[in-house]
Amino acid sequence: MVAKKGFTKGIANTPSWALKENQVTPERVFADRRNIVKALGLGALGASLPGQVQAGLFDLFGSEDKPAFAVQGLDYSKPSQFQISDILTPEDKITRHNNFYEFGTSKQEPFENAQGFQVNPWELRIEGLVDKPLTLDLNDLTTKFDLEERIYRLRCVEAWSMVVPWVGFSLAELLTMAGVSNKATHVAFETLFDPDQMPGQKNRLMGGGIHYPYVEGLTIAEAMNELPFLAVGLYGKTLPPQNGAPVRLVLPWKYGFKSIKSVVKIRVTDKQPPTSWNQLAPHEYGFYANVNPQVDHPRWSQATERSIGEGGLFSAKRIPTQMFNGYAEQVADLYKDLDLRKFY
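Everything quoted here is computed from the prediction, not taken from an experiment. (Residues numbered from 1 in each chain as written. Predicted model: local features only at pLDDT ≥ 70, side-chain atom pairs only at ≥ 80, totals over all residues. Heavy atoms only, no water.)

Asks: How do you make sense of the overall build of the chain when you look at a structure like this?
Replies: Helices and strands together make up the secondary structure of the chain, namely 12 helices and 14 strands. By the burial criterion, 49% of the 344 residues in the chain qualify as buried. Considering only contacts in the chain between residues 6 or more positions apart, those separated by 24 or more positions represent 73%. Summing over all exposed atoms, the chain offers an accessible surface of approximately 17,000 Å²; the carbon and sulfur share of this is 52%. (Helix = DSSP H or I, 4+ residues; strand = E, 2+ residues; numbered from the N terminus. Buried < 20%, exposed > 50% of the residue type's maximum accessible area, 1.4 Å probe, protein only. Contact = heavy atoms within 4.5 Å. Areas by Shrake-Rupley, 256 points an atom, 1.4 Å probe, with all protein chains shown as cover.)

Given below as structure tokens:
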């Protein structure tokens with residue numbers, strides 16, 4: 001981690017996930033990892049190994065077909081109002097337990113299938129009812145804004161949760177830069193459509209039956225709230241592809257499927273935009289998707305969640321779910337006139 005604006009790096013600030021020097025793979029071993037795989041005869045053996053063993057080998061040797069995606073350290077500040085005291089989810093859980101159907105529907109497939117993902121060149125376009133349409137490239141995403149770390153709770157609609165130290169910038173800051181028209185009522189988001197890189201977009205079964213590209217939306221009031229965040233990193237480094245590289249939306253008071261990944265378009269509009277899961281199953285997934293322990297999913301309760309920590313999902317501690325995922329103070333007023341059972 002590289003911190004700025006008064007945050008210095010030292011022994012007292014060493015993060016719990018930092019490796020000790022004797023835990024780091026020697027450079028010569030890492031550089032020659034493909035020859036080591038062949039010498040050990042692991043190329044053919046890998047398919048018969050248990051998943052955890054395969055994952056460990058991937059960490060060390062990468063993939064024969066898809067070299068490990070490179071992440072880089074980021075400079076950022078740590079605003080105190082976003083430094084919550086919740087215990088962070090271990091980094092390896094955040095990067096190995098993902099819903100990103102563009103790369104497959106199991107929790108491990110995004111990691112396994114996304115390592116060759118290319119993010120450079122990249123364009124994020126901000127368009128529609130704005131005074132100054134913008135196009136940000138890959139470099140802009142980490143240099144045009146003052147990056148900050150925000151530790152946010154993440155609650156999946158599947159009733160598991162994490163606590164993630166994201167790095168990025170405010171969505172409201174970006175929209176203010178573009179100049180939002182007073183006619184605007186909503187903001188629409190769109191994920192990259194690239195079936196050659198994203199196998200779930202090419203294969204309907206592998207992609208969960210979603211109509212791609214993946215799309216999401218917010219009201220303009222939601223989008224201009226202080227919480228919506230465009231993350232370009234986590235745990236102090238740029239995002240890996242399975243977590244939405246190079247830029248994703250983070251909405252901590254809503255279920256995780258609203259936090260769209262690998263975003264290429266943000267469009268300000270005067271109409272409520274379509275959203276992917278609402279298109280697929282409107283009786284199960286509404287436009288708002290606010291975390292609400294009082295409104296169950298049609299197939300399971302939302303009253304509690306499994307908080308993912310060091311162990312596996314089913315060893316995770318089950319805790320009560322909070323209204324708006326604990327962010328009611330910041331967002332409850334946005335919905336004071338809505339029936340949240342009807343507008344789920």
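Asks: Help me understand the pattern of salt bridges in this model?
Replies: Close approach of charged atoms lets side chains of opposite charge pair. In total, this model carries 14 salt bridges according to the counting rule given. Linking Arg125 and Glu127 is a salt bridge whose minimum nitrogen-to-oxygen distance equals 2.9 Å. Residue Glu127 is classed as buried on the basis of its relative accessible area, which comes to 15%. In the salt-bridge network here, residues are joined through shared partners; they are Arg125, Glu127, Lys265 and Arg267. (Salt bridge = Lys/Arg side-chain N within 4 Å of Asp/Glu carboxyl O.)

Asks: Teacher, can you tell me more about the confidence of the model for the chain here?
Replies: Averaged over all residues, the pLDDT of the chain is 85; the fraction at 70 or higher stands at 80%. Within the chain, helix α3 (residues 42–45) has the poorest average pLDDT of any element, 35, and strand β11 (residues 248–250) the best, 99. With pLDDT under 50 throughout, residues 1–64 is counted as low confidence; its partners more than four residues away or in other chains account for 54 contacts. (pLDDT = per-residue confidence, 0-100.)

Asks: Explain unusual backbone geometry here, please?
Replies: Note: most peptide bonds trans; most residues except glycine with negative phi. Following Asn120, the chain continues to Pro121 via a peptide bond in cis, the omega torsion being 10°. Assignment of secondary structure puts Pro121 in the loop between α6 (109–113) and β3 (123–128). In the segment running from Ala245 into Pro246, the intervening peptide bond is cis, with an omega of -5°. Its location among the elements puts Pro246 in the loop between β10 (237–238) and β11. For Tyr235, which is not a glycine, the phi torsion comes out positive at approximately 50°. You can call Tyr235 buried: its relative accessible area is 4%.

Asks: I tried to follow the sheet that holds strand β8 (residues 215–219) on my own but got confused; where do I start?
Replies: In sheet architecture, strand pairing relies on hydrogen bonds along the backbone and comes in two forms, parallel and antiparallel. If you walk across this open sheet you meet the 5 strands as β4-β3-β12-β7-β8, and the pairing is mixed. Strands at the two margins of the open sheet, each flanked by one partner only, are β4 (134–137) and β8. Adjacent strand axes in the sheet meet at a mean angle of 15° when their direction is disregarded. Pairing of strand β7 (residues 186–191) with strand β12 (residues 263–269) involves 6 bridges; the strand directions are antiparallel. Directly across from Thr191, in β12, lies its bridge partner Val263. (Pairing = 2+ DSSP bridges. Axes fitted to C-alpha atoms, helices over the stretch in contact; angles between N-to-C directions.)

Asks: Explanation requested: the nonpolar core in the structure shown.
Replies: Most often, soluble globular proteins keep nonpolar side chains buried together rather than apart. Ranked by internal contacts, the top residues of the largest apolar core, which has 79 residues, are Trp166, Leu171, Leu174 and Ile266. Excluding residues within four positions of it along the chain, Ile266 makes contact with Leu124, Arg125, Ile126, Glu127, Leu171, Leu174, Leu175, Val187, Ala188, Phe189 and Leu230. (Core = buried A, V, L, I, M, F, W, Y, C linked by side-chain atoms within 4.5 Å.)

Asks: Explain the packing of aromatic side chains to me, please; I cannot follow it from the model alone.
Replies: By convention here, two paired aromatic rings are described through the distance between centres and the angle between planes. Going through the model one piece at a time under the given rule, you end up with 14 aromatic pairs. For the ring pair Phe100 and Phe103, a centre distance of 5.1 Å and an interplane angle of 80° mean the geometry is edge-to-face. Comparing Phe100 with Phe103, the two get one shared label, buried. Relative to Phe229, the ring of Tyr152 has its centre 6.1 Å away and its plane inclined at 80°; by these criteria the two rings are edge-to-face. Of this pair, Tyr152 sits in strand β5 (residues 148–155) while Phe229 sits in strand β9 (residues 229–234), and the two are 77 residues apart along the sequence. You'll find Tyr152 and Phe229 in the same group, each marked buried. Aromatic ring contacts, followed pair by pair, group Phe287, Tyr288, Phe324, Tyr335 and Phe343 into a single cluster. (Phe/Tyr/Trp six-rings, centres within 6.5 Å; stacked < 30°, edge-to-face > 60°.)

Asks: I tried to follow empty space enclosed by the protein on my own but got confused; where do I start?
Replies: Tallied over the entire structure, the rule returns 1 cavity of 30 Å³ or more. Volume-wise, the largest cavity comes out at about 60 Å³. Every residue along the wall of the largest cavity is listed here: Tyr152, Arg153, Leu154, Arg155, Trp166, Val250, Leu251, Pro252, Lys254, Tyr255, Gly256 and Ser259. The greatest single-element share of the lining of the largest cavity, amounting to 4 residues, is contributed by β5. Of the residues contributing to the lining of the largest cavity, the split by class is 7 nonpolar, 2 polar and 3 charged. (1 Å grid on protein atoms, 1.4 Å probe; cavity = no way out; pocket = protein on both sides within 12 Å on 5 of 7 lines; lining within 4 Å. Points joined across faces, edges and corners; volume = space filled by probe spheres on them. Nonpolar A, V, L, I, M, F, W, Y, C, P; charged D, E, K, R; others polar.)

Asks: Explanation requested: the environment of Gln322 in the structure shown.
Replies: Examined against the element boundaries, Gln322 turns out to sit in the loop between β14 (317–320) and α12 (328–331). Along the backbone, Gln322 and Pro293 are 29 residues apart, and their C-alpha atoms lie at a distance of 6.6 Å. Excluding residues that lie within four positions of it along the chain, Gln322 makes contacts with Arg153, Val291 and Pro293.

Asks: Before we go on, may I ask you to explain the environment of Asn139 in this structure?
Replies: Tracing the sequence through the fold places Asn139 in helix α7 (residues 138–143). In this structure, the C-alpha to C-alpha distance between Asn139 and Asn120, residues 19 residues apart in sequence, is 9.2 Å.

Asks: Is there a simple way to think about the environment of Gly236 in this case?
Replies: With respect to the helices and strands, Gly236 occurs in the loop between β9 and β10. Classification of Gly236 by relative accessible area gives buried; the value is 0%. Residues Gly236 and Asp75, 161 residues apart in the sequence, show an inter-C-alpha distance of 7.9 Å.

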